[in-house]
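Chain by chain, the residues:
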Amino acid sequence: MENETEKLHVVMFPWLAMGHIIPFFHLSKCLAQRGHRVTFISTPRNIERVVNKVPSDLAPLLHIVSFPLPKVENLPNDAESSMDIPYQKAQFLKIAFDLLEIPLTNFLESSSNSKPDWIVYDYASHWLPQIAGKLGVSRAFFSLFTAATMSFYGPPWALLNDERSIPEDYTVIPKWIPLETKVVYRLHEIKKNFEAPADESGTSDGVRFGASIDGSDVILFRNCVEFEPEWFNLVSELYQKPVISIGVLPPSVVENEKFDSDDTTWLGIKNWLDKQNQDSVVYVALGTEATLNQEELNELALGLEKCGLPFIWVLRDQPIHNQEDPRIQLPDGYEDRVKNRGVIYKGWVPQTKILSHSSVGGFLTHCGWNSVIEALCFGRVLIMFPVLNDQGLNTRLLQEKGVGVEIPRNEKDGFFTSDSVAEAVKFAVVSEEGELLRANARQMSGLFGCRKRNEELIDDCVGYLMENRISISTYVHNNEG
Ligand SMILES: O=c1ccn([C@@H]2O[C@H](COP(=O)(O)OP(=O)(O)O[C@H]3O[C@H](CO)[C@@H](O)[C@H](O)[C@H]3O)[C@@H](O)[C@H]2O)c(=O)[nH]1
């Protein structure tokens, strides 16, 4: 039986993006469920969006701390997450995020009565490891990216030196990767990442990643080692420091009658899904950051119409980049034409519940790592449409592993047609030739969705954090010495 004084106090500090706040909060709940104290820090609007549902049994251990986000020029007043801004403005959000250094430092200093043992942090806060180190708080960098992606990004020295400077540098296998692989960016994908110039915040993403890895005591990966063993070995070699997989944090979709009956969005979707045939529906969603232009939206819409299968499409209200840009819209008469067969939702939907429904036969996804994990937990075949960030690298990895098909696009400008959308969807979801992909994806639910294995990995991680925290006596001794 563990002694109470041995329990951990862990501070969680995610980057301001839904795809990061959600898994950080998930890990927080896992730690609190094991009796450890967690302080989860974010900004007011993000907390309201994601974190307000702390289960009552965990409330005594899971403390939420809200830091107002400093106002900065060029960032809309109510923008607190990457979802609220066009991706081209991400650097302004990073300027505001960097200003949280002061409240975070004050918080870590003032919590002397209950000094945190660990701080678990994200890639964007490159300044954090140094502060935490000075205050005797152990540092865990939490990677919400695959080992393949992080290997491709490179070891800290390569990241800190911004080894690659032009988009073309990212379309070839870097020198530190000895594997035979197709995991590289296509030119149109990496060009999107270059549209948010780093010089606005003064620090490139490469430097942010490099300093976050370099300054950590351990790196935690949200991944499935059995899915990418070669990459996990490689990334451990590249980092030359402890690297631990905490599993994929499989989503929990326990049907809760009380909660579900309050949730009208889910009830509407469930009602519709219940009427569809098993494995017949294509779920379409591109996460919280990817945006489409009008031409791309048209082709995607027409492709879904042409594929002839039932679909649910979550259409995000895209933030406008320039005020003079027109808001993009579905083709005229589209919703009437696909009525009954295609359902379009604008706004937030319960994605994991949708993916868990037996009528869903495939997922047309941008390949954000959260979405991929959620799909593979339920064994759904992927129709892959990467847009930006790590999504292209994820797509190549998933293609190598045979769990999905990519919608063909022109390498340089990303051009694609509605016919290629329809073909890829039919191939993956209903064609005979696509059965192997579907079987591979189904098999993945045994790995990604295995609750027991994923719980054990969290237990192992907690064991590591307990054994390797900086004890207060060591810290005082070292600082006096
Ligand atoms: O209506 C919605 C929209 C999103 N989600 C959830 O929001 C998360 C979205 O995450 P993800 O699929 O990873 O997409 P992004 O939000 O675009 O993720 C960002 O963060 C990921 C993790 O680092 C990266 O892999 C992506 O490229 C990056 O864009 C998932 O858990 C979804 O289930 C919902 O539940 N309902």
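Since we're looking at a predicted model, the values are computed, not measured.

### So, the nonpolar core
Core analysis: the biggest nonpolar cluster contains 127 residues, and Met150, Tyr283, Trp313, Leu364 and Phe448 have the highest contact counts within it. Here this core spans two domains, since at least three of its residues come from each of domain 1 (4-249 + 451-480) and domain 2 (264-448). Once you skip the residues sitting within four places of it in the chain, tyrosine 283 turns out to touch Ile312, Val314, Val349, Gln351, Ile354, Leu355, Val360, Gly362, Phe363 and Leu364.

### Comments concerning helix H8 (residues 187-194)
Inspection of H8 places Leu187, His188, Glu189, Ile190 and Lys192 among the buried residues, and these make up the whole buried set. Those residues of H8 that are buried are in contact with helix H13 (294-307), helix H17 (391-400) and strand E13 (404-406).

### Quick word on the pairing of strand E1 (residues 9-13)
The element E1 is largely enclosed, with a buried count of five among its five residues. Residue alternation in E1 divides its side chains into two sets, His9, Val11 and Phe13 and Val10 and Met12, and both sets are buried. Here E1 pairs with strand E2 (residues 37-42) via four bridges, running parallel. Residue pairing for E2: valine 11 is matched across the bridge by threonine 39.

### Quick word on the domain arrangement of the protein chain
For interface size, the figure often reported is the accessible area lost on association. According to the domain assignment, the protein chain consists of domain 1 (4-249 + 451-480) and domain 2 (264-448). Here the C-alpha centre of domain 2 lies 28 Å away from the C-alpha centre of domain 1. Buried surface at the junction of domain 1 and domain 2, both sides included, amounts to about 3,500 Å², of which 60% is carbon and sulfur. Where domain 1 meets domain 2, there are four salt bridges.

### Some remarks on the packing of H13 against helix H18 (residues 418-429)
Packing of H13 against H18 brings their axes to within 7 Å, and their N-to-C directions diverge by 45°. Classed by the angle they form, the pair H13 and H18 counts as oblique. For the crossing formed where H13 meets H18, the hand is right-handed. Residues Glu299, Leu300, Leu302, Gly303, Leu304, Lys306 and Cys307 of H13 form the contact with H18, whose participating residues are Ser418, Asp419, Val421, Ala422, Val425 and Lys426.

### Focus: the site of the ligand
In the vicinity of the ligand there are 21 residues, among which Thr288, Val349, Ser371, Glu374 and Asp390 approach most closely. Measuring from an oxygen atom of the ligand, one finds a side-chain N or O atom of histidine 20 at 3.0 Å. Contacts to the ligand include asparagine 389, whose side-chain N or O atom sits 2.9 Å from an oxygen atom. Those elements that place two or more of their residues in the shell around the ligand are helix H1 (18-33) and helix H16 (369-377). The leading source of residues in the shell around the ligand is H16, at four residues. When grouped by side-chain class, the residues that make up the shell around the ligand number six nonpolar, 12 polar and three charged.

### Focus on H16
With nine of nine residues buried, H16 is to be regarded as a mostly interior element. Those residues of H16 that sit buried are Trp369, Asn370, Ser371, Val372, Ile373, Glu374, Ala375, Leu376 and Cys377. Of the surrounding secondary structure, the elements contacted by the buried residues of H16 are H1, helix H15 (351-356), strand E11 (360-365), strand E12 (381-384), H17 and helix H19 (435-448).

### Describing the side chain of histidine 9
With respect to the secondary-structure elements, histidine 9 resides in strand E1. On the accessibility criterion, histidine 9 (5% relative accessible area) is buried. A distance of 2.8 Å separates the side chain of histidine 9 from the side chain of threonine 39, its partner in a polar contact. One polar contact links the side chain of histidine 9 to the main-chain carbonyl oxygen of serine 114, over a distance of 2.9 Å.

Calculation criteria
- Residues numbered from 1 in each chain as written.
- Predicted model: local features only at pLDDT ≥ 70, side-chain atom pairs only at ≥ 80, totals over all residues.
- Heavy atoms only, no water.
- Core = buried A, V, L, I, M, F, W, Y, C linked by side-chain atoms within 4.5 Å.
- Buried < 20%, exposed > 50% of the residue type's maximum accessible area, 1.4 Å probe, protein only.
- Domains from an automatic or database assignment.
- Contact = heavy atoms within 4.5 Å.
- Helix = DSSP H or I, 4+ residues; strand = E, 2+ residues; numbered from the N terminus.
- Pairing = 2+ DSSP bridges.
- Buried area = accessible area lost by both parts, 1.4 Å probe.
- Salt bridge = Lys/Arg side-chain N within 4 Å of Asp/Glu carboxyl O.
- Axes fitted to C-alpha atoms, helices over the stretch in contact; angles between N-to-C directions.
- Parallel < 35°, antiparallel > 145°, perpendicular 65-115°, else oblique.
- Left-handed = near helix turned anticlockwise from the far one by under 90°.
- Near = heavy atom within 4 Å.
- Polar contact = N/O pair within 3.5 Å; in protein donor to acceptor, adjacent residues only side chain to side chain.
- Nonpolar A, V, L, I, M, F, W, Y, C, P; charged D, E, K, R; others polar.

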